[in-house]
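Here is how the chains run, residue by residue.
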Amino acid sequence: MTLPRILITRALFPEVVDHLSQHFEVEANQADALWSPAELAERLQDKEGALTTGTQRIDAALLAACPQLKVVANMAVGYNNFDVAAMTAAGVQGTNTPDVLTETTADFGFALLMATARRMAEGERLLRAGQWTQWRYDLLAGAEVHGSTLGILGMGRIGQGIARRGAHGFGMQVIYHNRSRLDPAAEAECRAQYVSKEELLRQADHLVLVLPYTAESHHAIGAAELAQMKPTATLVNIARGGIVDDAALAQALRERRIAAAGLDVFEGEPQVHPDLLTVPNVVLTPHIASATIPTRRAMADLAADNLIAFFDGRGALTPVNRIG
Ligand code: GLV
């Protein structure tokens, strides 16, 4: 029996590669070479399936070069690297990894909020630079977290996880804005109040972005939005680069038009806007919000199970599009 051929585009847990090798003829990339779009197309040309991460773009040009491709399993909950319309038109199933990373990512969002509000990275840099000379009443005095107003833009599963942490753990007033309002039971569980985007920007002491990246959410936070925030506010982005206008943010941080930002994602990552690297009041992390070993393993397993279920004829477990 000939096995379907699949490509694993980036280094992956060896056990998951072994597991997939029992079901497929696998071309893996354990050396983690970063392929150009042309190299990706060349390797994918004779494959029926792929396991990707958010950094490989699956678009009409690639699909045209890979006519045998039937399914692409993204090891991420976000799938803005997929041109879903082009995939659907080509009859290619896309899948993502929801749920398994919700709580871990919400933990990280909250950690980044706290590190940012309480100026932890600035403190560590000062200490390592040998500049800590004395206790001082206002040394790196930051913003209060408990009892403050937590704003959440994008109230999906992860946003709700952050809301629960803020409301139940830190006694925060939670306000949110989302494309659609949550049902009353979910609002009650998160103790969250729906507000307009303008109110969210004006009232939040700490604003966390957890919305998907789409053409509509591109630069959802730019100079105009930053100007509406409190000068004491903290902004946290664990969603996607491109939702924030990084140049405008760097300028707002430099001019102290908001107090601080915590960023796990960047426009054009892994490049980081050079101005963000020079402003002190920003905490920068390299897209690691879901990065615990158990969660990354659960994401890899779910991506693998999507491929196995699809080729078994059971249908994808967590599809992002409907095909014929
Ligand atoms: C990571 O960014 C993800 O979308 O899972």
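For clarity, every value in this text was computed on a predicted model and none was experimentally measured.

## Here's the deal with the overall build of the protein
Line of reasoning, step 1. Assigned secondary structure in the protein consists of 12 helices and 12 strands.
Line of reasoning, step 2. For 324 residues, the compact-globule formula gives about 20 Å, and the C-alpha radius of gyration of the protein, at 21 Å, lands near that figure.
Line of reasoning, step 3. Seen through its C-alpha atoms, the protein measures out along the principal axes to roughly 75 × 50 × 35 Å.
Line of reasoning, step 4. Looking at the protein as a whole, 49% of its 324 residues are labelled buried.
Line of reasoning, step 5. The contacts in the protein between residues at least 6 apart in sequence include a share of 62% that link residues at least 24 apart.
Line of reasoning, step 6. Looking at the protein as shown, the accessible area adds up to about 15400 Å², and 54% of this sits on carbon and sulfur atoms.
Line of reasoning, step 7. Counting 28 positive and 36 negative side-chain charges, the protein places the centres of these two groups 4 Å from one another.

## Let's talk about the site of the ligand
Line of reasoning, step 1. Near the ligand you find Ala76, Val77, Gly78, Leu101, Arg240, His287 and Met299, and these make up its full shell.
Line of reasoning, step 2. At 2.7 Å, a side-chain N or O of Arg240 approaches an oxygen atom of the ligand.
Line of reasoning, step 3. Side-chain polar atom of His287 to an oxygen atom of the ligand: 2.6 Å apart, as the coordinates give it.
Line of reasoning, step 4. Burial of the ligand by the protein chains amounts to 85% of its free accessible area of 190 Å².
Line of reasoning, step 5. Of the residues in the shell around the ligand, the class split is 4 nonpolar, 2 polar and 1 charged.

## Regarding the packing of helix α5 (residues 102–117) against helix α7 (residues 157–170)
Line of reasoning, step 1. Where α5 contacts α7, the two axes come as close as 8 Å, and the packing angle between them is 55°. Considering the angle they form, α5 stands oblique to α7. The two elements α5 and α7 meet at a crossing, and its hand is right-handed. Across from Thr102, Glu103, Thr105, Ala106, Asp107, Gly109, Phe110 and Met114 in α5, the residues of α7 making contact are Arg157, Ile158, Gly161, Ile162, Arg164, Arg165, Gly166 and Phe170.
Line of reasoning, step 2. Partitioning the contact of α5 with α7 into residue classes produces 6 nonpolar, 5 polar and 5 charged.

## So, the pattern of salt bridges
Line of reasoning, step 1. Summed over the entire model, instances satisfying the criterion amount to 18 salt bridges.
Line of reasoning, step 2. A salt bridge links Glu124 to Arg128, with the shortest nitrogen-to-oxygen separation between them at 2.5 Å. In this pair, Glu124 and Arg128 are both assigned in helix α6 (residues 120–128), 4 residues apart and thus about one turn of the helix distant.
Line of reasoning, step 3. Residue Glu124 is classed as partly exposed on the basis of its relative accessible area of 41%.
Line of reasoning, step 4. Overall, the relative accessible area of 67% leaves Arg128 in the exposed class.
Line of reasoning, step 5. Of the charged contacts in the structure, one is a salt bridge between Glu187 and Arg181, with a shortest N-O distance of 2.8 Å.
Line of reasoning, step 6. For Glu187, a relative accessible area of 10% corresponds to the buried category.
Line of reasoning, step 7. Judged by its relative accessible area of 54%, Arg181 falls in the exposed class.
Line of reasoning, step 8. Residues participating in the shared-partner salt-bridge network are Glu27, Arg43, Asp46 and Lys47.

## Brief notes about the domain arrangement of the protein
Line of reasoning, step 1. According to the domain assignment, the protein consists of domain 1 (5–100 + 293–311) and domain 2 (102–284).
Line of reasoning, step 2. At the junction of the two partners, domain 1 supplies 8 residues and domain 2 supplies 6 residues.
Line of reasoning, step 3. Carbon and sulfur atoms supply 41% of the area buried between domain 1 and domain 2, which totals about 570 Å² over both sides.
Line of reasoning, step 4. On the domain 1 side of the interface with domain 2, the three residues burying the most area are Asn80, Asp99 and Thr295, jointly 65% of the side's total.

## So, the packing of helix α1 (residues 14–21) against helix α12 (residues 293–312)
Line of reasoning, step 1. One can describe the packing of α1 onto α12 by two numbers: an axis separation of 10 Å at closest approach and a directional angle of 10°. On the basis of their axis angle, the class for α1 and α12 is roughly parallel. Residues Glu15, Val16, His19 and Leu20 of α1 touch α12, and the partners they reach there are Arg297, Ala300, Asp301, Ala304, Asp305, Leu307 and Ile308.
Line of reasoning, step 2. Here the residues of the contact of α1 with α12 are counted per class, giving 6 nonpolar, 1 polar and 4 charged.

Basis of the calculations
- Residues numbered from 1 in each chain as written.
- Predicted model: local features only at pLDDT ≥ 70, side-chain atom pairs only at ≥ 80, totals over all residues.
- Heavy atoms only, no water.
- Helix = DSSP H or I, 4+ residues; strand = E, 2+ residues; numbered from the N terminus.
- Rg over C-alpha atoms; globule rule 2.2 N^0.38 Å.
- Buried < 20%, exposed > 50% of the residue type's maximum accessible area, 1.4 Å probe, protein only.
- Contact = heavy atoms within 4.5 Å.
- Areas by Shrake-Rupley, 256 points an atom, 1.4 Å probe, with all protein chains shown as cover.
- Lys, Arg positive; Asp, Glu negative; His and termini not counted.
- Charge placed at Lys NZ, Arg CZ, Asp CG, Glu CD.
- Near = heavy atom within 4 Å.
- Polar contact = N/O pair within 3.5 Å; in protein donor to acceptor, adjacent residues only side chain to side chain.
- Nonpolar A, V, L, I, M, F, W, Y, C, P; charged D, E, K, R; others polar.
- Axes fitted to C-alpha atoms, helices over the stretch in contact; angles between N-to-C directions.
- Parallel < 35°, antiparallel > 145°, perpendicular 65-115°, else oblique.
- Left-handed = near helix turned anticlockwise from the far one by under 90°.
- Salt bridge = Lys/Arg side-chain N within 4 Å of Asp/Glu carboxyl O.
- Domains from an automatic or database assignment.
- Buried area = accessible area lost by both parts, 1.4 Å probe.

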